[in-house]
Amino acid sequence: MPVTEPKVDAVLLDIDGTLVDSNYVHVDAWSRAFRDAGREVPSWRIHRCIGMDGSKLLETLVGSSDSALAGEAKKLHGEYYAAASADLEVLPGARELLAELNSRGVTVVLATSAPESELSTLRDLLDVEDSVAVVTSGEDAEVAKPEPDIIAVALERSGVGADDAVMVGDSVWDIESAGRAGVRAIGVRSGGISRGELLDAGAAAVFDDPADLLEHVETSPIFAGKVSA
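The structure displayed is predicted, hence computed values, not measured ones.

**A closer look at the layout of surface pockets**
The volume enclosed by the largest pocket comes to roughly 660 Å³. Along the walls of the largest pocket sit 28 residues, with Gly54, Ser113, Ala114, Pro115 and Glu118 positioned nearest its centre. Within the residue set of the lining of the largest pocket, elements represented by two or more residues are helix H1 (23–37), helix H3 (54–62), helix H4 (68–83) and helix H6 (116–126). The element that contributes the greatest number of residues to the lining of the largest pocket is H3, accounting for four residues. Here the residues of the lining of the largest pocket are counted per class, giving nine nonpolar, ten polar and nine charged.

Below you can see the structure in the form of structure tokens.
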């Protein structure tokens, strides 16, 4: 791979659906949780909310984030997701992408709003600590995606301005959150959201998964500084 200077100082990456194939595990865990809490919610509706702040997800799907039903569903989701952790898999090219960015002087940031308990599982699975400089979690912002709070925390911790960073995410919530923070975004389809939707949300470019982004990283906004949709 030819050596090219990056056009940004930091790359912020979501984890669920972006680096780890976990979105459908979340869908199944939420589906079971809602059903066992007393409310049937179609899986396709749940999938459309994956990547959204947990409170917003509950408000969208069951009308409230602080009702007894919502509280029970949230607790059960955590239990079912933890029990299914063996089903999680690192997406193709995820580790290699982070290592490549780090080796070429880019500050790698895991900008996720996942709860600390889930984040610990994801970090153990990824095994990329040598490549990562900064990590956020759901504990770092009162309101998560699509609000820009997590992105703002990630930028502050990495010491990088919005113009000198790129966000990589799999959901429209990632793209919208980055846009609200003034950060360009790259979409990946590995979370199950279409190229068109990611572009409509504001993505500067869209790739299939981390492996596809790694293969074309020289022409991505990270190194080319231009749209490569």
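**A few points about the pairing of strand E1 (residues 10–13)**
Side chains of E1 alternate between two faces, with Ala10 and Leu12 and Val11 and Leu13 buried alike. Here E1 runs beside strand E4 (residues 107–111); their pairing, made up of four bridges, is parallel. Across the sheet, residue Ala10 finds its bridge partner in E4, namely Thr107. By the bridge criterion, four bridges tie E1 to strand E6 (residues 165–169) in an arrangement that is parallel.

**What to know about the pattern of salt bridges**
Under the defined criterion, the tally for this structure stands at nine salt bridges. Note that Arg157 and Asp140 form a salt bridge whose closest N and O atoms lie 2.7 Å from each other. Of this pair, Arg157 sits in helix H7 (residues 149–158) while Asp140 sits in the loop between strand E5 (134–136) and H7; the two residues are 17 residues apart in sequence, bridging distant segments of the chain. Judged by relative accessible area, Arg157 falls into the partly exposed class, the value being 43%. On the accessibility criterion, Asp140 (25% relative accessible area) is partly exposed. Through salt bridges with shared partners, a single network forms among Glu100, Arg104 and Glu218.

**Some remarks on a negative patch on the surface**
A cluster of acidic side chains, namely Asp21, Asp28, Asp87 and Glu89, defines a negative patch on the protein surface. Along the chain, the position of Asp87 falls in the loop between H4 and strand E3 (89–90).

**Let's talk about the pairing of strand E7 (residues 184–188)**
If a strand is regular, its side chains alternate between the two faces of the sheet. Within E7, four of the five residues are buried, which leaves the element mostly enclosed by the surrounding structure. Pairing of E6 with E7, which is carried by four bridges, proceeds in the parallel orientation. Across the sheet, residue Gly169 finds its bridge partner in E7, namely Gly187. Each parallel crossover has a hand, and the one from E6 via helix H8 (residues 172–180) to E7 is right-handed. Pairing between E7 and strand E8 (residues 205–207): three bridges, direction parallel. Bridging from a neighbouring strand, Ile186 pairs with Ala205 of E8. Once you follow E7 into helix H9 (residues 195–200) and on to E8, the crossover reads as right-handed.

**Structural notes on H3**
Listed as buried for H3 are Leu57, Leu58, Leu61 and Val62. Summarising the axial view, the buried residues of H3 lie within an arc of 95°, below the 170-degree limit, and thus occupy one face. Buried residues along H3 sit in contact with H1, helix H2 (43–49) and H4. Put simply, Asp53 is the residue that caps the front of H3, since its side-chain oxygen is 3.0 Å from the backbone nitrogen of Ser55.

**Side note on the side chain of Asn23**
The topology assignment puts Asn23 in helix H1. What makes Asn23 buried here is its relative accessible area of 2%. Side-chain polar atoms of Asn23 contact the backbone nitrogen of Gly17, separated by 3.4 Å. A polar contact of 3.2 Å, which involves the side chain of Asn23, links it to the backbone oxygen of Gly191. In this structure Asn23 touches Asp16, Gly17, Ile50, Asp170 and Gly191, once residues within four positions along its chain are discounted.

**So, the sheet that holds E6**
Here we have six strands laid out as an open sheet, ordered E5-E4-E1-E6-E7-E8, and parallel in their pairing. Edge positions in the sheet fall to E5 and E8, since each has one partner strand and no second. Direction aside, neighbouring strands of the sheet carry axes that sit 20° apart on average. Running at roughly 140° to E4, helix H5 (residues 94–103) makes contact with E1 and E4 of the sheet. Across the sheet, H7 touches E1, E4, E5 and E6, and the angle it forms with E5 is around 155°.

Conventions we followed
- Just so you know, the residues in each chain are numbered from 1, in the order the chain's sequence is written.
- For a predicted model such as this one, the threshold for reporting local features is a pLDDT of at least 70, and the threshold for listing and counting side-chain atom pairs is 80 or more; totals across whole chains, interfaces and linings nevertheless cover every residue.
- Processing note: side-chain calculations cover all non-hydrogen atoms of the structure and skip hydrogens and water entirely.
- Here a cavity denotes a set of grid points, spaced 1 Å apart and computed over the protein atoms alone, in which a 1.4 Å probe fits but from which it cannot get out, and a pocket denotes an open set meeting protein on both sides within 12 Å along at least five of seven lines; residues with an atom within 4 Å of a point are reported as lining.
- Grid points are joined across faces, edges and corners, and a volume is the space filled by probe spheres set on the points.
- Strands here mean DSSP runs of E at least two residues long; helices mean DSSP runs of H or I at least four residues long; both are numbered from the N terminus.
- Three classes are used, and their members are as follows: Ala, Val, Leu, Ile, Met, Phe, Trp, Tyr, Cys and Pro are nonpolar, Asp, Glu, Lys and Arg are charged, and the others, Gly among them, are polar.
- Relative accessible area decides the class of each residue, using a 1.4 Å probe on protein chains only: under 20% of the type maximum gives buried, over 50% gives exposed, and in between gives partly exposed.
- Only strands that DSSP links by at least two bridges are regarded as paired with each other.
- Here, a salt bridge means any Lys or Arg side-chain nitrogen found within 4 Å of an Asp or Glu carboxyl oxygen.
- Every patch collects residues that have over 30% relative accessible area and no salt bridge, joining them within 9 Å if they carry like charges and within 5 Å if they are nonpolar side chains (Val, Leu, Ile, Met, Phe, Trp, Tyr).
- Only the protein chains shown count as covering a residue, and every accessible area follows the Shrake-Rupley method with a 1.4 Å probe.
- When charges are counted, Lys and Arg are positive and Asp and Glu negative, with His and the chain ends excluded.
- Charged groups are reduced to one reference atom each: NZ for lysine, CZ for arginine, CG for aspartic acid, CD for glutamic acid.
- Call a crossover right-handed when, viewed with both strands pointing away from you, the route from the first strand across the helix to the second goes clockwise.
- This arc is taken over the directions from the axis of the helix to the C-beta atoms.
- Any two residues having at least one pair of non-hydrogen atoms within 4.5 Å are treated as being in contact.
- Whenever two N or O atoms come within 3.5 Å, that pair is a polar contact, provided that in protein one can donate a hydrogen and the other can accept it, and provided that, for residues adjacent in sequence, both atoms are side-chain atoms.
- Fitted lines through C-alpha atoms give the axes, limited to the stretch in contact for helices. The angle between two N-to-C directions lies from 0 to 180 degrees.

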